[in-house]
Amino acid sequence: MSSLSQPRPPAVHVDGLTKRFGRTVAVDGLTLSVPCGEVFGFLGPNGAGKSTTIRLLLGLIRPSAGTATVFGVPASDVRRAHRLLGYVPGDVALWPDLTGAEILELLARVGPDVDTRYRTELVGRFALDLDKRAKTYSTGNRQKVALIAAFSTRAELLVLDEPTSGLDPLMEQEFRRCVSEARERGQTVFLSSHQLAEVEAVCDRVGILRAGRLVEIAGIAELRKLRRTTAEVTYRGPEPSFVDVPGVVDVERLDGDRLRFTLSGPPGPALRKLAATDVVTISMREPRLEEIFLDYYGENAR
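Presented here is an overview of the structure given in this document.

Calculation criteria
Residues numbered from 1 in each chain as written. Predicted model: local features only at pLDDT ≥ 70, side-chain atom pairs only at ≥ 80, totals over all residues. Heavy atoms only, no water. Buried < 20%, exposed > 50% of the residue type's maximum accessible area, 1.4 Å probe, protein only. Helix = DSSP H or I, 4+ residues; strand = E, 2+ residues; numbered from the N terminus. Phe/Tyr/Trp six-rings, centres within 6.5 Å; stacked < 30°, edge-to-face > 60°. Lys NZ or Arg CZ within 6 Å of the ring centre and 35° of its normal. Pairing = 2+ DSSP bridges. Core = buried A, V, L, I, M, F, W, Y, C linked by side-chain atoms within 4.5 Å. Contact = heavy atoms within 4.5 Å.

The element helix α1 (residues 50–57) is extensively covered by neighbouring structure, given that 6 of its 8 residues are classed as buried. Looking at α1, one finds that the buried residues are K50, T52, T53, I54, L56 and L57.

So this is what it looks like as structure tokens:
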């Protein structure tokens, strides 16, 4: 009788990960797990510890405490771990005298297996001139080389650290499409970013990092549920009263017969109250991820 196969370890797992630089604690007791096939967003402003966490995950620096693994392989075992991942830094440095084509070929020889047909497709989609030498590339074009190299691999994990730096909005849309295609292939994506719209568009879950500590980790929808919903009502006749209505706070009278209020829970009690009012229009808006983010960080996050 054959034994049952063991469940696969998470694509990324860190436990109590800590990194100190002198008296500065860059990463402080970080614990999180990213399952295979997930697109995970790693959020935080500059200086929150995102890039330090990624350097630990890549085995480029040693932790002061705690552990990090990639599919169960210790991050410190760089040779084994790097066979399983592709990496795009936020500031790409290339060999200045090599052409884009030569760099892609070089990277294909030293990294995980590459789908050359898909790579050719990506070159066209990102509008990259492969015949130019890297020293002539703009910041955006250097970023394109790294993105094409990473997305064309069949690495099981893609680690992307601020990957759209220098890209124009059209290319950012192409990047999001590539992330979706990677998910469809079953690849795991660990996306570090401070571009909230980008994370909101592509990620399954997000973790918010503040001063090296994990503040929250949840799905996009779950995070929104943690925050309040804004509602606006236009009415005729007597103004509705929300005194003692559960979940309704911050009622504000606007110009004309309009009210704005905030819901901190289910909308049922507020809607039942409005049933007795001659409502002309009603709109409800979920908070954007940026607003959730600012709630965690306060005005300093602006």
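Still more ground to cover, so stick around.
Following the criterion strictly, the structure yields 4 aromatic pairs and no others. Each member of the aromatic cluster is reached from another via a ring pair, and the members are F40, F42 and F190. Sitting above the plane of the F21 ring, K19 keeps its charged end 5.3 Å from the centroid.

Of all the 5 residues making up strand β3 (residues 39–43), 5 are buried; the element is thus mostly covered by neighbouring parts of the structure. A two-sided burial pattern is seen for β3, the buried positions comprising V39, G41 and L43 on one face and F40 and F42 on the other. Sheet topology note: the β3/strand β8 (residues 188–193) ladder contains 5 bridges and is parallel. Opposite V39, over in β8, you have V189 as the bridge partner. When β3 meets strand β9 (residues 205–210), the two strands line up parallel, connected through 4 bridges.

As a further point, take the nonpolar core. Core analysis: the largest hydrophobic core is formed by 74 residues, its most contacted members being L32, F151 and F190. With 7 residues, helix α5 (residues 139–151) is the single largest residue contributor to this core. Those residues in contact with F190 that sit more than four places away from it in its chain are V12, L32, V34, F40, F42, I54, L157, L158, V159 and L160.

For P269, the position within the fold is in helix α9 (residues 268–274). On the accessibility criterion, P269 (21% relative accessible area) is partly exposed. A C-alpha to C-alpha distance of 25 Å links P269 and D255, two positions 14 residues apart in sequence.

On to unusual backbone geometry, then. Located in the positive-phi region is A211, a residue other than glycine, with phi close to 50°. Here A211 is to be found in the loop between β9 and β10 (213–219). Residue A211 is classed as exposed on the basis of its relative accessible area of 56%. Residue D250 is not a glycine yet carries a positive backbone phi of 55°.

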